[in-house]
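Structural characterization, general
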Amino acid sequence: MKPVNNDRVLVVLSGGQDSGTCLFWAKEHFKEVWALTFAYGQKHVLETELAQRLAEKAGAHWEMMSIPFIAQLSSNSLTDDSIPMDEDKPADGPPNTFVPGRNLFFLSIAAVYAREHGISHIVTGVSQTDYSGYPDCRDAFIKSLNVALNIGIDEQFIIHTPLMWIDKAQTWEMADRLGVLDIIRHETLTCYNGIPGDGCGQCPACKLRRAGLEEYLKLSKK
């Protein structure tokens, strides 16, 4: 374990719009940015390649970690080609694009990684405002996990969630303010069908992303 460096931050970077925006948010707020990307058995490995490119553009130290056990723990449409993707959120429970435990494992592993590299600040792009029914994107979960990690690892981690209380339009606004609107729009992958940039336009992730972009562009008159 290295001595803690408070100028250093670790971003959990998926290669999507939200974590990509958080990467550049971290660059604005910290002197040294590290990024950790997970290959967890997701169908669209292109997102890990895009994560690496984003990290390079941000001047961040990037590393990818393979944790395929996540895909083996449950059945969901993001890791299993045989499961048709939910087009809309079910009336009860999360959509089948929810990967149970994903953020739990990501942040727990990130905390151990951070400890070994002298990092106490961790950034994740979760949002309760546009959380798509995923329970592990909620503020109560993140705060509870933060406390548990601090107790269990005996460290003082601070988990930052810059997007927690803003919607997709405001996320686009943040990217624009950070000077990376075009990068986030064209060089990230949010689409559940694996199409980068504006995506397929039909899956729930694309619809949410597109609606937010259109709202922001209308308000900003760009």
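To keep things clear, this report deals only with the structure shown in the data block. Owing to the predicted nature of the structure, the values given are computational and were not obtained by experimental measurement. (Residues numbered from 1 in each chain as written. Predicted model: local features only at pLDDT ≥ 70, side-chain atom pairs only at ≥ 80, totals over all residues. Heavy atoms only, no water.)

**A look at the overall build of the protein**
- Check the secondary structure of the protein and you find eight helices and five strands.
- Reading the helices (α) and strands (β) of the protein from amino to carboxyl end gives β-α-β-α-β-α-α-β-α-β-α-α-α.
- A compact globule built from 222 residues would reach a C-alpha radius of gyration of about 17 Å, and the protein, at 17 Å, matches this within 12%.
- Taken over the C-alpha atoms alone, the protein extends approximately 45 × 40 × 30 Å along its principal axes.
- The buried share of the protein, reckoned over its 222 residues, is 51%.
- Summarising the internal contacts of the protein: among those between residues at least 6 apart in sequence, 71% fall at separations of at least 24.
- For the protein, the exposed surface amounts to about 10,400 Å²; the carbon and sulfur share of it is 52%.
- Looking at charge distribution, the protein has the averaged site of its 21 positive side-chain charges lying 4 Å from that of its 28 negative ones. (Helix = DSSP H or I, 4+ residues; strand = E, 2+ residues; numbered from the N terminus. Rg over C-alpha atoms; globule rule 2.2 N^0.38 Å. Buried < 20%, exposed > 50% of the residue type's maximum accessible area, 1.4 Å probe, protein only. Contact = heavy atoms within 4.5 Å. Areas by Shrake-Rupley, 256 points an atom, 1.4 Å probe, with all protein chains shown as cover. Lys, Arg positive; Asp, Glu negative; His and termini not counted. Charge placed at Lys NZ, Arg CZ, Asp CG, Glu CD.)

**What about helix H8 (residues 204–220)?**
- The first and last C-alpha atoms of H8 sit 24 Å apart over 17 residues, in line with the 24 Å expected at 1.5 Å per residue.
- Taken together, the buried residues of H8 touch helix H1 (17–29), helix H6 (168–177) and helix H7 (181–186).
- Positive phi appears at Lys221, one or two residues downstream of H8, with a value of about 55°. (Expected span 1.5 Å × (residues − 1).)

**What to know about the pattern of salt bridges**
- The tally for this structure, following the rule as stated, stands at 11 salt bridges.
- Across the pair Arg115 and Glu155 runs a salt bridge, and its minimum N-O distance is 3.4 Å. Of the two residues, Arg115 sits in helix H4 (residues 102–116) while Glu155 sits in the loop between helix H5 (139–153) and strand S5 (158–160), which places them 40 residues apart along the sequence.
- Exposure remark for Glu155: the relative accessible area of 15% places this residue in the buried category.
- Here the residues in one salt-bridge network are Arg185, Asp198, Arg210 and Glu214, joined through shared partners. (Salt bridge = Lys/Arg side-chain N within 4 Å of Asp/Glu carboxyl O.)

**Some remarks on the pairing of strand S1 (residues 8–12)**
- Counting buried residues along S1, five of its five residues qualify, which places the element largely inside the surrounding structure.
- Side chains of S1 alternate between two faces, with Arg8, Leu10 and Val12 and Val9 and Val11 buried alike.
- With five bridges connecting them, S1 and strand S2 (residues 32–39) associate as parallel partners. Residue pairing for S2: Val12 is matched across the bridge by Leu36.
- In the classification by handedness, the crossover that spans S1, the intervening H1 and the parallel S2 is right-handed. (Pairing = 2+ DSSP bridges. Right-handed = clockwise from strand over helix to strand, strands pointing away.)

**Some remarks on the sheet that holds S1**
- Read from one edge to the other, the open sheet built from five strands follows the order S3-S2-S1-S4-S5, with strand pairing classed as parallel. The sheet is open, and its two borders are formed by strand S3 (61–66) and S5, each paired with just one other strand. Averaged over neighbouring strand pairs, the angle between their axes works out to 25° when direction is ignored.
- Pairing between S1 and strand S4 (residues 121–123): three bridges, direction parallel. The residue of S4 that forms the bridge with Leu10 is Ile122. (Axes fitted to C-alpha atoms, helices over the stretch in contact; angles between N-to-C directions.)

**What about unusual backbone geometry?**
- For Asp154, which is not glycine, the phi dihedral falls at a positive 60°.
- Summarising the element assignment, Asp154 is placed in the loop between H5 and S5.

**A closer look at the nonpolar core**
- Counting residues in each nonpolar core, the largest one holds 36 residues, and the members touching the most others are Leu10 and Ile122.
- Elements with a contribution of two residues or more to this core: S1, S2, H4, H5 and H8.
- For this core, the element with the highest residue contribution is H4, accounting for seven residues.
- Non-local contacts of Ile122, meaning those with residues more than four positions away in its chain, are made with Val9, Leu10, Val12, Leu107, Ala110, Ala111, Ala114, Phe157, Ile158, Ile159 and His160. (Core = buried A, V, L, I, M, F, W, Y, C linked by side-chain atoms within 4.5 Å.)

**Some details on the pairing of S2**
- Most of S2 sits out of view: six of its eight residues are buried.
- Between the parallel elements S2 and S3, the chain passes through helix H2 (residues 46–58) in a crossover that is right-handed.

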